[in-house]
Amino acid sequence: MITRETRGFVAPEFAPLVRALELYVPARGPGGAVLSVHHRGQLVANLAIGTRDRAGALMQPETLIMSLSTVKGVTATLLHIIADRGIIDLAAPVAYYWPEFAQAGKREITVHELVSHRAGLYMLPDIIERIEDIYDWEHMVSALARAEPAHAPGRDLGYHAWTFGWLVGELLQRATRASFSDLLRECISEPLGLTGCYIGLPDQEHHRVAQIMQIQAPRSETGRSLVTRAPALAQAGIELGSKAARALGLRFDPAQAIRAMAPPGLAQLNLNAPAFLRAVIPSVNGVFDALSLSRIYAALANGGELDGVRLLSRAAIDRARTDQSAGLGRVIPFPLRVKMGYHRPVSLGVRVSLLGRDRDLGIASADAFGHFGLGGSGAWADPERELSVAVITNCFVGRLPGDLRTVGVCTAANFSADRRAQAD
């Protein structure tokens, strides 16, 4: 089966993206990826590679893919749009808009702290008993309103892997008195003419969705034995890691990280199930085509405007991309360069001197911002280069701290944009 033939188009200056995209798929299927790039507001690449399911159907540029935490950047963008319109004050307490949120010592937590992962509300096992609870919006937001922060809010960074979406989503619904899905459609999808931007996938769009290639359990007797023994081995490793972290004086605690990232019953969650795709979970289950994501970030990379449509003011974008933390967090043990609902992309590159001036070629600029998802998807804007990139994949590999495939795409896109700028 041929999986490495690309479909779509790429501008000659951005040809290195083809090789970067090829690294997303195995030598022989199944699995694929879609990449879309805008430079200076112009679409310069819209490519698909590989297969969308185990039967071998080809991935197409218009294919939708569930992209896990990539959705957090879209959710954050929606919040900044509403704040930019004066409906939400980022400095105000969340409880001003959502009175029930004031319970359990949360009265003073601000919107700014919430969107910057500093509310201390990332312990999902404290608010659910079974994985099916994530489908019940009212249950989740009521439980979060009653929840006690894991630490004093406002100080430490703790990545809200799951809870970010319900927290920000309910804040938006309380402040606007509109449903989250309606806000997404009216504030982002319709103005930008997007045909593949969903958080809560409509039933009529399920036929466009690629199958996520989830990791399969070993079939051999040895494999089954290892799987059976894994929980005990993992627990021992977690306890050892926690002791080591405390001995080193780190805030990161592996046991706490597991509780934040892996809710009860996670192993039974089917990422391809219609119920999961249909649910509104604005932190983990956005379903996108790459072009829609790239258009969103193209607007953010171009001062908030694309094709005559203004999404955000320049002042709002400057606030959104400001670093909130560069150190280690409590949940993820490496510096994320967290911004207000986003984080900084990672790329490789070199510093050179051109005409007596130092230039970073290929390196993501300090004000670049976006969000990546476990498994290899991600989207971001680089305002310095007027560049936006979106890559989505169903080749779920689950690499942490960062999928090196996204580093390759980011590097190739940056180098191509830099080379194009030099040629002008």
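See the structure above.
Computed from a prediction, not measured in an experiment: that's the story for all the values here.

Asker: Can you help me understand the sheet that holds strand E13 (residues 387-393) in this one?
Answerer: Sheet strands pair via backbone hydrogen bonds, and the direction of the pair is either parallel or antiparallel. Spatially, 6 strands are ordered E1-E3-E2-E13-E12-E11 in an open sheet, and the strand pairing comes out antiparallel. At either end of the open sheet lies a strand with only one pairing partner, and these are strand E1 (6-10) and strand E11 (369-372). Direction aside, the axes of adjacent strands within the sheet are offset by 10° on average. Pairing geometry for strand E2 (residues 32-39) and E13, over 7 bridges, is antiparallel. When the sheet's bridge partners are listed, Ser36 is paired in E13 with Ala390. Of the strands in this sheet, E2, strand E3 (42-50), E11, strand E12 (378-382) and E13 are in contact with helix H11 (residues 290-301), which crosses E2 at around 25°. The strands touched by helix H13 (residues 404-423) are E2, E3, E11, E12 and E13; relative to E13, the strand with the most contacts, the crossing angle is about 150°.

Asker: It is not clear to me how the environment of Gly408 should be interpreted in this structure. Could you clarify?
Answerer: Along the chain, Gly408 falls in helix H13. Judged by relative accessible area, which is 28%, Gly408 ranks as partly exposed. Between the C-alpha atom of Gly408 and that of Leu17, which follows or precedes it by 391 residues, the distance is 8.6 Å.

Asker: Mind showing me how you'd approach helix H5 (residues 137-146) here?
Answerer: Every α-helical turn comprises 3.6 residues, leaving residues that sit three or four positions apart pointing alike. Along H5, the residues classified as buried are Trp137, Met140, Val141, Ala143, Leu144 and Ala145. Where the residues of H5 are buried, they touch helix H6 (163-176). Between a side-chain oxygen at the N-terminus of H5 and the backbone nitrogen of Glu138 the separation is 3.3 Å; the capping residue is Asp136.

Asker: Any chance you could explain the packing of aromatic side chains here in plain terms?
Answerer: The geometry of two aromatic rings is summed up by the distance between their centres and the angle between their planes. Summed over all chains, the structure comprises 4 aromatic pairs. Relative to Phe101, the ring of Trp98 lies with its centre 5.2 Å away and its plane at 40°, an arrangement referred to as tilted. Like Phe101, Trp98 is buried. When the ring of Tyr342 is compared with that of Phe369, the centres are 4.9 Å apart and the planes differ by 75°; the resulting orientation is edge-to-face. One end of the pair, Tyr342, is in the loop between helix H12 (314-320) and strand E9 (350-354); the other, Phe369, is in strand E11, with 27 residues separating them in the sequence. Looking at Tyr342, the relative accessible area reads 2%, which means it is buried. The aromatic ring of Phe101 is capped on one face by Lys106, whose charged end is 5.1 Å from the ring centroid.

Asker: Mind showing me how you'd approach the nonpolar core here?
Answerer: Proteins that are soluble and globular tend to have nonpolar side chains buried together. Formed by 102 residues in total, the largest nonpolar core has its most connected members in Ile88, Trp166, Ile188 and Phe276. The residues touching Ile188, leaving out its near neighbours within four places in the chain, are Val74, Thr77, Leu78, Ile81, Leu183, Leu194, Ile296 and Leu311. Val25, Ile49, Ala413 and Ala417 belong to the second largest nonpolar core, which has 26 residues in total.

Asker: What is the right way to read the side chain of Asn394 from this model?
Answerer: Relative to the assigned elements, Asn394 resides in the loop between E13 and H13. Separated by 3.3 Å, the side chain of Asn394 and the backbone oxygen of Thr51 make a polar contact. Side-chain polar atoms of Asn394 contact the backbone oxygen of Arg52, separated by 3.4 Å. Dropping the residues within four chain positions of it, Asn394 is found in contact with Gly31, Gly32, Thr51, Arg52, Asp53, Met59, Ile65, Ala210, Gln211, Ile212 and Met213.

Cut-offs applied
Residues numbered from 1 in each chain as written. Predicted model: local features only at pLDDT ≥ 70, side-chain atom pairs only at ≥ 80, totals over all residues. Heavy atoms only, no water. Pairing = 2+ DSSP bridges. Helix = DSSP H or I, 4+ residues; strand = E, 2+ residues; numbered from the N terminus. Axes fitted to C-alpha atoms, helices over the stretch in contact; angles between N-to-C directions. Contact = heavy atoms within 4.5 Å. Buried < 20%, exposed > 50% of the residue type's maximum accessible area, 1.4 Å probe, protein only. Polar contact = N/O pair within 3.5 Å; in protein donor to acceptor, adjacent residues only side chain to side chain. Phe/Tyr/Trp six-rings, centres within 6.5 Å; stacked < 30°, edge-to-face > 60°. Lys NZ or Arg CZ within 6 Å of the ring centre and 35° of its normal. Core = buried A, V, L, I, M, F, W, Y, C linked by side-chain atoms within 4.5 Å.

None of this, on its own, says anything about what the molecule does.
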